Amino acid sequence: MVDKDFLLTNDSVETATLQRALRKKTNIPKSSWNFTGVSFLLWGFLFLGVVVPLFYRLPRANTLDDVSKGVFIAERAQSNLYDFDKIGTKLVGSDANENKTVQFLLSELALIQANVLEDFFDMEIDRQIVSGSYVRSGALCQYQAVQNIVIKVTPKNCTSEDYLLVNTHFDSKPTTPSAGDAGHMVVSVLEVLRVYTTSKENFKHTIIFLLNGAEESSLLASHGFITQHKWAPNCKVLINLDAAGSGSREILFQTGPNNPWLLDYYKNHAKHPFATTMAEEIFQTGLIPSDTDYRIFVAYGNLVGLDLGQCVNGYVYHTKYDSYDVIPRAAIQNTGDNLLGLVKALANAPELHDTTVEGTTVFFDVLGLFFVRYSESNGIILNYAVAGVIIILVYISLLRMAVKSNVAFTKILIWFIPILIVQVVAFVMGLALPILVAYMFDKHGLTMTYFSTPALSLGLYVCPSLVGLALPSFVYLRIQNYKNLTYAQQLQMALHGHAIILSLLCVALNFYGLRTTYIITWTLVFYVIPLFLNLLTSLHDRGFSWTVVLKIVQVVPFLYNSYLFYTFIVILTPMMGRIGQNTNPDLIISALVAMGTVLSLGFLILLVNRSHRSGFIIVTLMAISAATIYIASSTQIGFPYRPKTSVERVYYLHVRRIFYEFSGTVSKDESGYLFNFQDRRGYAPLVEANVNLTGMVSLESDCEKYMLCGMPIPDVRYMNNRLNGMWLPRNTPVETVPEKPLELLNRTVIDNGNTLLIEVKIFFTDHSSLFIQPEEDVTITKWSLEESYLTTSPPYYMYFSSGVDNSPVILTLELQKSGNDFNESVVQIGVARQFMNSTGDSIAQDFAKTFPDFAVLIEWPADYHRYKF
């Protein structure tokens, strides 16, 4: 290649001479720009050509031609999924859920039962109809006649009384056919059951396969099973299957609790591992706006187990687009292979006899190729040890520099301290600049620009992070002048500074108790290796020779860390569309991208200082970031939503609310639409799309004035977000049903005039809510609801759901009041009825048609009646 200096004109000779003098003064090498460009292309290729394909990699799907092999047949399961999807929405209490889906499952199970190898297994099918209640998230959850389909498979001559439980659910949220959540898991269970009961293998333990019919309604059916079913007391270990996405690999995101041996079984018998401690710790923070039956089985059944869920393409989760056509056959094969392997292994596991608590575990897969696990106690030792080794090797390296440079070691340390400070600044900037971009976008109402175009994260967050990491050392290495140190040594000291910072962070997080610290530890391991090898040879002292080993070894942490953080970006980005209005989702995504960039490229980006074009590289990164910021903020590319693929979720109810006073007169009768916006942008995109929301007001004033806002709040998410609720009045009354939801049966003073007994009959729909608030000087001493819930503070909130029996509920209250004056109102009772299977009246339907195609509507009629007794 021809040096560009030879192409300079005579007018620029003086400038070129000055540039060469500057390089000589600072010892900056004249590295080829093309070489630096190739380096960037290499890392880009590794990400796009290795990391991304491995993330989306799925196994070959088995067909009916493979039946004789005794393996999971995805073609057969996919056929079941097609039939499951055709049933449509499967709301608890609906004909589709309670009859059509149940009959579909029972028919398939009858076919499976007919083919069971009777010399090896006994198979029983039980249809449980169960009622009960429990307290969750500050609310009372009461259920009536919800259904479970329970299958018991017992090996012949089995003497074990300890069972394995495999659970998933077949019900759905409103409007969705639920092919992913959780039809994918339902048909996987059916196929595993087929293969398992036709195998000629011997197993030790009975397996319970639970297909529960009310998970989406506050995890009710799993509670009914584990607290009331005759087979539940024998269940010791759980495999729970659920979804927050559709059509890819399932991730292991909860284990135990405190049973490391389960991960040994996952490691040895899950053919396609996909798991990380980081997922478990993130999920358990409550950041993820979802929950699973796993929580119920652990809390009420003292079970231990594995919680697995679909997690990719969360855009379709709980929408009408969660359908059969977005789930490839290979994704079902992936789940089936893992599930079949785990079921067969755990059915012979001696650990079922004793699931004693043993401690927590660090675990992770490596690009889906293999699985690593070790105990938390070993992890703590490893974390501290690696951090200590880093400090020792850096000390030896600095000592070696002192010897080779004929400089006192104390002077080397003095020179290292400002470099370390510079790297602290770089580390902070590497994290802070992307977060600053996120903050500014949110401040100007431009959150979630990456929602439909994730590639924007490269310019919005990755490039600013790289600039932050590289700029401080770029400036410092050009303004200082250590005459006795080569530029290569100074650059190596900068990398040492970055390693020291990660080591200190490792120690701090380890002390705090985060198992996710393993990510930093293994990043440091792959700095220890090249540093040790370079010190062991003469490469450490031969100019930039040490960078060769470093670059080769850094391939490993780059691949793993970019894979890991790409996983979380893919999983969490769709969730930002339903995380609520009070949280800035861009802070979450930017922080993840920034940390992923620091750990993937933190060492490598410093090597741009080898090039005399390093300034140009940094300016280029800035330019990419600036261009991306412009595109994201000023063009349609940055608009978050797209029809079908990445929609805006719009939740609202068509509400009629009526308030009855103590005298029986009506003080309020009004109708409107109650909106519960799920993302940070709220209703702004709808207004821009010309949806007529004129007159819409905040619900906050109603929440101050009325019991729980005086609205038919249907679930915990609406309840938690009620202060952000919006109310759009409507002149014409919303049509629901004419019958009142409550009938007063008795209001009598008892206990020698000290207690008032109130008895009412409530006509709930299959999804309803009950609100109870005693007046200020009144106490409820006894009621017919869950007794433990009475110990909480009013107002009381009960979520009610019913399956095959929707009989009225009798509520009794016993109340006491100071002065015993019961001739006035002592308690308010609100009844909220949801009509989730209805599309609403003609006015509501016309209103729905005005919404843009990027909005998916989850809406239905509801009424609210408030009484005073």
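Remember, it's a predicted structure, so these values are computed and weren't measured experimentally.

1. Thoughts on the sheet that holds strand 15 (residues 755-762)
Next, step 1: Spatially, the 4 strands line up as an open sheet ordered 14-15-19-17, and their pairing is antiparallel. Looking at which strands have only one partner, the edges of the open sheet turn out to be strand 14 (742-750) and strand 17 (778-783). Mean inter-strand twist for the sheet, computed between neighbouring axes without regard to direction, equals 25 degrees.
Next, step 2: Both strand 14 and strand 15 contribute to a ladder of 8 bridges, which runs antiparallel. Looking at the pairing, Leu742 lines up with Ile762 of strand 15.

2. A closer look at the environment of Asn609
Next, step 1: Here Asn609 shows up in the loop between helix 17 (585-601) and helix 18 (614-634).
Next, step 2: Within the local environment of Asn609, its side chain forms a polar contact with the side chain of Ser473, the two groups lying 3.1 Å apart.
Next, step 3: Reaching out from Asn609, the side chain makes a polar contact with the backbone oxygen of Leu606 at a distance of 3.0 Å.

3. Regarding the packing of aromatic side chains
Next, step 1: Summed over all chains, the structure comprises 49 aromatic pairs.
Next, step 2: Relative to Tyr56, the ring of Phe55 has its centre 4.8 Å away and its plane inclined at 90 degrees; by these criteria the two rings are edge-to-face.
Next, step 3: Given the relative accessible area of 0%, Phe55 is considered buried.
Next, step 4: Where Tyr56 meets Tyr566, the ring centres are 6.3 Å apart and the plane angle is 80 degrees; that geometry is what we call edge-to-face. Of this pair, Tyr56 sits in the loop between helix 2 (33-55) and helix 3 (74-87) while Tyr566 sits in helix 16 (residues 546-575), placing them 510 residues apart in sequence.
Next, step 5: Judged by its relative accessible area of 37%, Tyr56 is partly exposed.
Next, step 6: Among the aromatic residues, those joined into a cluster by ring pairs are Tyr652, Tyr673, Phe675, Phe677, Tyr683, Phe847 and Phe851.

4. Focus: the nonpolar core
Nonpolar side chains in soluble globular proteins tend to be buried together.
Next, step 1: Ranked by internal contacts, the top residues of the largest apolar core, which has 139 residues, are Leu495, Val650, Tyr652, Phe675, Leu686, Phe847 and Phe851.
Next, step 2: In terms of residues, this core owes the most to one element, helix 16, which gives 17 residues.
Next, step 3: With residues up to four places along the chain from it excluded, the contact list for Phe851 reads Val650, Tyr652, Phe675, Leu686, Val691 and Leu857.
Next, step 4: With 87 residues, the next largest nonpolar core counts Val150, Tyr321, Leu811 and Trp860 among its residues.

5. Side note on helix 17
Next, step 1: The end-to-end C-alpha distance of helix 17, which contains 17 residues, comes to 24 Å, matching closely the 24 Å that a straight helix rising 1.5 Å per residue would cover.
Next, step 2: Helix 17 sits mainly inside the fold: 15 of its 17 residues count as buried.
Next, step 3: Measuring from the side-chain oxygen of the N-cap residue of helix 17 to the backbone nitrogen of Asp586 gives 3.0 Å; that N-cap residue is Asn584.

6. Considering the side chain of Ser217
Next, step 1: Of note, Ser217 is situated in the loop between strand 4 (207-212) and helix 6 (220-228).
Next, step 2: Leave out the neighbours within four places in its chain, and Ser217 touches Val92, Asp171, His767, Tyr799 and Ser801.

7. Overview of the packing of helix 14 (residues 487-512) against helix 15 (residues 518-536)
Next, step 1: In contact at an axis separation of 10 Å, helix 14 and helix 15 are set at 145 degrees when each is read in the N-to-C sense. As helix 14 runs across helix 15, the sense of the crossing is left-handed. Judged by residue contacts, Gln492, Leu495, His496, Ala499, Leu502, Ser503, Leu505, Cys506 and Leu509 of helix 14 engage Ile520, Thr521, Thr523, Leu524, Tyr527 and Leu531 from helix 15.
Next, step 2: Residues of the contact of helix 14 with helix 15, tallied by class, amount to 10 nonpolar, 5 polar and no charged.

8. Quick notes on the state of the cysteines
Next, step 1: Summed over the entire model, instances satisfying the criterion amount to 1 disulfide.
Next, step 2: Covalently, Cys703 is tied to Cys709 through a disulfide, its sulfur atoms 1.9 Å apart. Its S-S torsion of approximately 100 degrees makes the covalent link between Cys703 and Cys709 right-handed.
Next, step 3: Relative accessible area serves as the criterion here: at 1%, Cys709 is assigned to the buried category.
Next, step 4: With no disulfide partner, Cys141 has as its closest neighbouring cysteine sulfur the one in Cys709, 18 Å distant.

9. Observations regarding the packing of helix 5 (residues 179-197) against helix 10 (residues 329-346)
Next, step 1: Contact geometry for helix 5 and helix 10: axes closest at 9 Å, N-to-C directions at 50 degrees. Compared by their axis directions, helix 5 and helix 10 come out oblique. Considering only the axes of helix 5 and helix 10, their crossing is right-handed. Note on element contacts: helix 10 touches helix 5 through Ala331, Ile332, Thr335, Gly336, Leu339, Leu340, Val343 and Lys344, opposite His184, Met185, Ser188, Val189, Val192, Val195 and Tyr196.
Next, step 2: Taken together, the residues of the contact of helix 5 with helix 10 sort by class into 10 nonpolar, 4 polar and 1 charged.

10. Observations regarding unusual backbone geometry
Next, step 1: Cis peptide bonds are those with omega within 30 degrees of zero, and the linkage from Asp181 to Ala182 qualifies with 0 degrees.
Next, step 2: Within the secondary structure layout, Ala182 lies in helix 5.
Next, step 3: Following Pro794, the chain continues into Pro795 via a peptide bond in cis, with omega recorded as 5 degrees.
Next, step 4: With a phi angle near 60 degrees, Ser178 is a residue other than glycine that sits in the positive phi range.
Next, step 5: Its place among the elements puts Ser178 in the loop between strand 3 (163-169) and helix 5.

11. Examining the confidence of the model for the protein chain
Next, step 1: On average, the protein chain scores 94 in pLDDT, and the residues at 70 or more come to 96%.
Next, step 2: In this model, residues 1-26 is a region of pLDDT below 50 whose contacts with residues beyond four sequence positions or in other chains number 16 contacts.

12. Remarks on a nonpolar patch on the surface
Next, step 1: Among the surface-exposed residues, Ile435, Leu436, Tyr439, Met440 and Leu587 lie close enough to one another that they form a single nonpolar patch of about 410 Å² accessible area.
Next, step 2: When you line up the elements, Leu587 lands in helix 17.

13. As for the pairing of strand 13 (residues 726-730)
Next, step 1: Across the 5 residues that make up strand 13, a large majority, 4, are buried.
Next, step 2: Pairing analysis gives 5 bridges linking strand 11 (residues 666-677) to strand 13, with the strands arranged antiparallel. Bridging from a neighbouring strand, Phe675 pairs with Met726 of strand 13.

Conventions adopted
Counting starts from 1 at the beginning of each chain's written sequence and moves along it residue by residue. pLDDT decides what is reported in this predicted model: residues at 70 or higher carry local features, side-chain atom pairs at 80 or more are listed and counted, and totals for whole chains, interfaces and linings draw on all residues regardless. Excluding hydrogens and water, the side-chain values take into account all heavy atoms of the structure. For two strands to be treated as a pair, DSSP must find at least two bridges joining them. In this text, helices come from DSSP runs of H or I with a minimum length of four residues, and strands from runs of E with a minimum of two, each type numbered from the N-terminal end. Working convention: axes come from line fits to C-alpha atoms, limited for helices to the stretch in contact. Angles between N-to-C directions cover 0 to 180 degrees. The definition of a polar contact used here is a pair of N or O atoms within 3.5 Å, where within protein one atom must be able to donate a hydrogen and the other to accept one, and adjacent residues in sequence count solely through side-chain atom pairs. Between rings of Phe, Tyr and Trp, where Trp is taken as its six-membered ring, a pair exists when centres lie within 6.5 Å; planes separated by under 30 degrees are stacked, by over 60 edge-to-face, and by other angles tilted. Exposure categories follow from relative accessible area, calculated using a 1.4 Å probe and restricted to protein chains: below 20% of the type maximum is buried, above 50% is exposed, and the middle band is partly exposed. Nonpolar cores were defined as sets of buried Ala, Val, Leu, Ile, Met, Phe, Trp, Tyr and Cys residues, with membership established by side-chain atoms within 4.5 Å. Contacts: residue pairs with any heavy atoms within 4.5 Å of one another. Here the expected span of a helix is defined as 1.5 Å times the quantity of residues minus one. In this scheme the handedness of a crossing depends on how the near helix is turned from the far one: anticlockwise by less than a right angle means left-handed, clockwise means right-handed. Amino acid classes used here: Ala, Val, Leu, Ile, Met, Phe, Trp, Tyr, Cys and Pro are nonpolar; Asp, Glu, Lys and Arg are charged; the rest, including Gly, are polar. Cysteine sulfur atoms that pair up within 2.5 Å are treated as a disulfide. We call two directions roughly parallel when the angle between them is under 35 degrees, roughly antiparallel when it is over 145, roughly perpendicular when it lies between 65 and 115, and oblique otherwise. Values of pLDDT, the confidence the predictor places in each residue, fall between 0 and 100. Patch membership needs two things, relative accessible area over 30% and no salt bridge, and members are linked within 9 Å if like-charged or within 5 Å if nonpolar (Val, Leu, Ile, Met, Phe, Trp, Tyr). Methods summary: accessible areas were calculated by the Shrake-Rupley approach with a probe of 1.4 Å, and residue burial reflects only the protein chains presented. Basic side-chain nitrogens of Lys or Arg form a salt bridge, by our definition, when they fall within 4 Å of a carboxyl oxygen of Asp or Glu.

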